[in-house]
Amino acid sequence: MTSRMAINFPVLFLLSLFTLTTHAEQKKMNHDSLWQITKELKSLWGEKIDAVSALLNQPMIPYKPTAKDRFTSAPFTLNDGITISNLDVRLSPNGGGTVKLVSFSISGECITLEEVQDNFPDVTLRFVPREKLPGRTFGYLTARDNKQLAWGFGFPSLDRKCLSEITMSDYDF
């Protein structure tokens, strides 16, 4: 029995080391699909709703049956495990029905402010909720680009650890 324990101990040690290493690597998971799509959505500014559908590979449906300027889709999961839900694509009513705002919620993985800053180094805190209530978020914004577009990143006021929503708009600040 002693020799069996001696043989199994190194095996168990190596297995536990492998498990810890694998778990640590999963914590540092790279969310390439999320960041790629987020950055590519800016190219759809001023495009028709079909361009959003093609980029996300999702059918766009009217937010309400009578809506002609607001669309959504069913929740979907990206290759990196991030689930996109509550998609809100708004079209400019006087701009020929072109993309004016894209907003969505994310879940499935915890994305920290540090990871957002790695992908958008110019992000700064712009909105602080008056009260810490459900549905309120701390808002971080990027600088506006040459089209006056900026990305907004929302972290829930009750638990600021993980990113909960992303919005692209022509923020007026």
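Figured I'd write up the structure that's included with this text. Model, not experiment: these values are computed from the prediction. (Residues numbered from 1 in each chain as written. Predicted model: local features only at pLDDT ≥ 70, side-chain atom pairs only at ≥ 80, totals over all residues. Heavy atoms only, no water.)

1. Notes on the state of the cysteines
Counted according to the given criterion, the structure contains 1 disulfide. Note on cysteine connectivity: C110 is disulfide-linked to C162, with sulfurs 2.0 Å apart. Of note, the bridge from C110 to C162 carries an S-S torsion of about -100 degrees and is left-handed in sense. With C110 in the loop between β5 (98-107) and α4 (113-119) and C162 in the loop between β8 (150-156) and β9 (165-169), this pair connects stretches of sequence that are 52 residues apart. A relative accessible area of 38% places C110 in the partly exposed class. (Disulfide = S-S within 2.5 Å. Helix = DSSP H or I, 4+ residues; strand = E, 2+ residues; numbered from the N terminus. Buried < 20%, exposed > 50% of the residue type's maximum accessible area, 1.4 Å probe, protein only.)

2. Brief notes about the side chain of T38
Mapped onto the elements of the fold, T38 is located in helix α2 (residues 32-41). The exposure class of T38 is buried, given its relative accessible area of 0%. Separated by 2.7 Å, the side chain of T38 and the backbone oxygen of L34 make a polar contact. (Polar contact = N/O pair within 3.5 Å; in protein donor to acceptor, adjacent residues only side chain to side chain.)

3. Quick word on the pattern of salt bridges
The full count for this structure, using the stated rule, is 4 salt bridges. Here R70 makes a salt bridge to D88, at a shortest N to O gap of 2.9 Å. One end of the pair, R70, is in strand β2 (residues 70-72); the other, D88, is in strand β4 (residues 83-92), and 18 residues separate them in sequence. Among the ionic pairs, D170 bridges to K100, the shortest N-O distance being 3.0 Å. Placement of the pair is D170 in the segment after β9 and K100 in strand β5, with a sequence separation of 70 residues. On the basis of relative accessibility, which here comes to 29%, the residue D170 falls in the partly exposed class. Because the salt bridges share partners, they merge into one network encompassing R70, D88 and R90. (Salt bridge = Lys/Arg side-chain N within 4 Å of Asp/Glu carboxyl O.)

4. Focus on the packing of aromatic side chains
Counting across every chain of the model gives 4 aromatic pairs. Relative to F120, the ring of W35 has its centre 5.9 Å away and its plane inclined at 65 degrees; by these criteria the two rings are edge-to-face. Within this pair, whereas W35 is found in helix α2, its partner F120 is found in the loop between α4 and β6 (124-127), the two being separated by 85 residues in sequence. Of the two residues examined, W35 and F120, each falls in the buried class. Seen in terms of ring centroids, F120 and F153 are 5.0 Å apart; in terms of plane orientation they differ by 50 degrees. Their pairing is tilted. With F120 in the loop between α4 and β6 and F153 in strand β8, this pair connects stretches of sequence that are 33 residues apart. Residue F120 is classed as buried on the basis of its relative accessible area of 8%. Judged by relative accessible area, which is 1%, F153 ranks as buried. An aromatic cluster is built from W35, F120 and F153, whose rings are joined through pairwise contacts. (Phe/Tyr/Trp six-rings, centres within 6.5 Å; stacked < 30°, edge-to-face > 60°.)

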